[in-house]
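Reading the structure
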Amino acid sequence: MASWKERLAARTPIDLAREIDVYEGQIELKKQGKIEDKLFTEARLRRGAYGQRYDNGQRHDGIAHRSLSFPSPATKGTEAMWDAPGMQRIKIPFGGLNPAQMDVLADVAEEYSDAICHITTRQDVQLHYVHIEDTPDIMRRLASVGITTREACGNTVRNVTACTLAGVCRCEAFDTTPYARAMAYHLLGHSDTQDMGRKFKVAFSGCKTSSCGLTNIHDLGFIAKTWQVNGVTHRGFEVVIGGGLGAVPYDAKLFDAAVPEEEILPLAQATCRVFARLGEKRNRGRARMKFLIEKLGLEEFRRLVLEERRVLPPDPRWTRYLEDVERYRETPAKASSTLDLAHLDPQFEAWRATNVYAQRQPGYVVATVTLPLGDITSWQMRQLAEVARRFVGDNVRTTAEQNLVLRWVSEADLPALYAQLGRLDLALGGAGKIEDVVACPGTDTCRLGIAASRGLAAVLQERLVQRQKSGAIDPAVRDLHIKMSGCFNSCGQHHLADIGFYGVSRKIGGATVPHFRVLMGGEWDNNGATYGLTIGAVPSKRIPEFIDHVTQRYLADRRQGERFKDYTARIGKKALKEMVDAFASVPPYAVDRTLYSDWRDPREFTTSDITTGECAGEVVMQIEFDLQAAEQRNFEAQVYLEQGEFQKADEAAYQSMLIAARGLVRTQLWDLADDPERIVAEFKTRFYDTQLFQSPDAGQYAGGKFALYLLNRHADKHRSFAPDKARHLVEEAQLFIEAAYSCHQRLSEQRAGALANLDLSAVAGAGAGAAGVASATGAAARNAEAATAEATT
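Residues numbered from 1 in each chain as written. Predicted model: local features only at pLDDT ≥ 70, side-chain atom pairs only at ≥ 80, totals over all residues. Heavy atoms only, no water.

1. Overview of the environment of Leu404
Note the following rule: Numbering of helices and strands runs from the N terminus, with a helix taken as a DSSP run of H or I at least four residues long and a strand as a DSSP run of E at least two residues long. Per-residue accessibility, obtained with a 1.4 Å probe over protein chains only, is compared with the maximum for each type, and a residue is labelled buried under 20%, exposed over 50%, and partly exposed between these values.
Secondary-structure assignment places Leu404 in strand 19 (residues 404-410). Assessed through its relative accessible area of 0%, Leu404 is described here as buried.

2. Structural notes on the packing of helix 6 (residues 177-187) against helix 7 (residues 264-278)
The condition is simple: As a rule, the C-alpha atoms of each element are fitted with a line to give its axis, helices using only the stretch in contact, and angles between N-to-C directions run from 0 to 180 degrees. Oblique is the label for every angle not falling under 35 degrees (roughly parallel), over 145 degrees (roughly antiparallel), or within 65 to 115 degrees (roughly perpendicular). In this scheme, a crossing is called left-handed if the near helix is turned counterclockwise away from the far one by less than a right angle; it is called right-handed if the turn is clockwise. When checking whether two residues touch, look at their non-hydrogen atoms; a contact exists if any pair is within 4.5 Å.
One way to put it is that helix 6 packs onto helix 7 with a least axis distance of 10 Å and a crossing angle of 40 degrees. Here helix 6 is positioned oblique relative to helix 7, judged by the angle of their axes. In this structure, helix 6 crosses over helix 7, and the sense of that crossing is right-handed. Contacts between helix 6 and helix 7 involve Tyr179, Ala182, Met183, His186 and Leu187 on the former and, on the latter, Ile264, Leu265, Ala268 and Gln269.

3. Quick look at the pattern of salt bridges
Test applied: Salt bridge criterion: a side-chain nitrogen from Lys or Arg within 4 Å of a carboxyl oxygen from Asp or Glu.
For the structure shown, the criterion picks out 69 salt bridges. When the shortest N-O distance is used, the salt bridge between Lys253 and Asp724 registers 3.6 Å. On the criterion of sequence distance, the pair formed by Lys253 in strand 14 (residues 253-260) and Asp724 in helix 24 (residues 723-756) is long-range, its members being 471 residues apart.

4. Re empty space enclosed by the protein
Note the threshold: Put simply, the grid is 1 Å and covers the protein atoms alone, a cavity is a trapped set of points that fit a 1.4 Å probe, a pocket is an open set with protein on both sides within 12 Å along at least five of seven lines, and lining residues have an atom within 4 Å of a point. Grid points are joined across faces, edges and corners, and a volume is the space filled by probe spheres set on the points. Each residue is assigned to one class: nonpolar for Ala, Val, Leu, Ile, Met, Phe, Trp, Tyr, Cys and Pro, charged for Asp, Glu, Lys and Arg, and polar for all the others, Gly among them.
Applying the stated criterion across every chain yields a total of 5 cavities of 30 Å³ or more. Its volume calculated, the largest cavity comes out at about 90 Å³. As for the largest cavity, its lining consists of Leu16, Glu19, Ile20, Arg47, Met139, Ala143, Ile147, Thr148, Thr149 and Arg150. Only helix 2 (14-31) and helix 5 (135-143) provide two or more residues apiece to the lining of the largest cavity. Per-element tally for the lining of the largest cavity: the top contributor is helix 2, with 3 residues. Classifying every residue of the lining of the largest cavity by side-chain character gives 5 nonpolar, 2 polar and 3 charged.

5. Overview of the packing of helix 20 (residues 622-642) against helix 21 (residues 646-666)
Between helix 20 and helix 21, whose axes approach to 8 Å, the crossing angle comes to 170 degrees. Here helix 20 lies roughly antiparallel to helix 21, going by the angle between them. Tallied by class, the residues present in the contact of helix 20 with helix 21 amount to 14 nonpolar, 5 polar and 5 charged.

6. A short note on the packing of aromatic side chains
What counts, and what does not: Think of it this way: a Phe, Tyr or Trp ring, Trp meaning its six-membered ring, pairs with another when their centres are within 6.5 Å, and the plane angle makes it stacked under 30 degrees, edge-to-face over 60, tilted otherwise. By the criterion adopted, a ring carries a charge over it if an Arg CZ or a Lys NZ lies within 6 Å of its centre and within 35 degrees of its normal.
If you walk through the whole model with that rule in mind, you get 27 aromatic pairs. A centroid spacing of 6.0 Å and a plane angle of 15 degrees characterise the contact between Phe683 and Phe687, whose relative ring orientation is stacked. You can see Phe683 and its partner Phe687 sitting in helix 22 (residues 676-688), 4 residues apart, about one turn around the helix. Each member of the pair, Phe683 together with Phe687, is buried. Cluster of aromatic residues (ring-pair linked, three or more members): Phe174, Tyr179, Phe204, Phe222, Phe237 and Tyr321. Just above the ring of Tyr741 sits the side chain of Arg506; from NZ or CZ to the centre is 4.2 Å. Above the ring of Phe635, the side-chain terminus of Lys577 is found at 5.4 Å from the ring centroid.

7. Some thoughts on unusual backbone geometry
The phi torsion at Phe94 lies on the positive side, around 50 degrees, for a residue other than glycine. Within the fold, Phe94 resides in the loop between strand 6 (86-90) and strand 7 (96-97). According to the relative accessible area criterion, Phe94 is buried, its value standing at 8%. A positive phi angle is found at Gln691, which is not glycine, with a value near 65 degrees. One can find Gln691 in the loop between helix 22 and helix 23 (702-715).

Coordinates in, geometry out; function isn't part of it.
This is the structure:
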């Protein structure tokens, strides 16, 4: 049989075909050992081929790490085994899909993956459990229907996102679709975007008041607007820059209130050039554009971009696409019509109430296909493509809430469409409601996942759907958003949720217990205008009852018409902290072991060394008190922030990091003076310079950057205090404290391992009686400390 390359040659764009051929050649060279891991890793990342959890050949079964057997010892990157399953990310600019593309996505998922297409919060599609040698053919098959994976990952311009309702929204200034498409393909592979220190994200929104494109969280955001000059209407965009979620979220800043439409491509190009030239390249934790803007200041960054724009060589592509903008139209599959509201099925009506949006074009609606966890099977995708052909033609889009939408549905067709979706098990209601939980892959497949975000999301979604069916959810509660991430990196956009969560862990009685930190008060509307702040941590298995408690309190205490965001702001951080603390306790393992494993994961985090303390009870190390004190001090910083006392908030957050650092240093230098200069100097020498503070499981750059939060704040002797800087420092301090917890936990396990491996003959030779045992135990502890120090430095 002919290869896919031969079969698809006539249907694959020449430039894409050449790129895939080059990539396939790189794979062959890597198999021959002729390309370094570092170079090949970047090559595959720039084509969307990611690593996946356990691809280093190790998996912890709850007791110890076990080796996974793969056919070849070769690698495809640092520690990533060649034959280990990986993830393939697929770019879907502005979320736009047609049935032919859906068919191919279904086919490649079925033939090369686990037969599931996963929709992401950036409107991409991801396939998991993919072999690296299958990726070129996946790319060829996608390219044959106009889809590319190029620059879906790596230090590149990622997928350009846009409002799902662009072109049909009732409140938009104009349709941003052709502009988003032009931006995506102008920057794709452009020479000015190939040397950036980190990823770069762009979004388009048709208005300011809805969630739309979430421009506030992007490096570069475009918000459509029109204005009059001498009676002539002009189109353009309000442009914002420097937003981003990640570990510490930054609000986008206004770059220009009115940029003409013909200037958006050169402006984006100039911005990328400045970012590539001046952005951080060595410390990846500070390499996003938001940090460059913070370093230079907004005015200086704006000056540099405008100066770069002036010297750019002219490019006809900047305006060529504008010739088609006015002519751009989507073609409905059917004529408009009106729905007969008589004798409608109650289940259909419940679905229509949450999943159907009336377009500005009379007689047409948008229907949302709710996808729990963002997953759709190959069979469902293929069948849905046929449904789309029948009802909407080429007008399908992915959403930032991990769903699909069918646009231009003729209104009278809604009952028939609903019946077809029911046949595919895709007629679930509740789109955009509390039961429509958003979650990143977490510990299911992500290397960086700490807690099982998908497991928790599935449990919450199923529980909330059942409650809604029984009528047990108040409408005010149903309008809330729940979003979660498996770690601090905010892939699940937890900062934008009314109630958000991100995965952490805690050491309880010698065992590691999965937790989620709680955020409340985020805002999804107004393009993601407000970020929630962390309140505290709750054991993973207690999250459902915690949500019940919070929502019940909200219903009981809220004022007439008060939104959850406003309610949380009114009652304040102290009251919210009390809610969280009420669910923070973890019973001993012997009393309830269910909390010592995560949702839908039978493994226990650690069980082999669990014992019961005797005599005066369980020994609690001083550092555990210190870390608790650090958390308390940072919570006080949040209260100051809420009260508008920004200098106090800033200083308290800084002090919380000092407390945590002092606790770590005191594990090695007990008589450390309570002096900031000495604390920071000793922390830097003992934990940062030695890389003890950096977790080997924290990814390529995540560990060390948290230490820099303290070091940089301490070095800022003439600090100016401002609301944004205080809020960022509060977030940074919490991440520093979490890293301190992780460091303590890791070093404790190393000490315990060293003690367990000591020759017990030291006890026999130390003399009889209590004095002899005490002497031997002291010697064992000292030897363990020495062994740990040697092993870790």
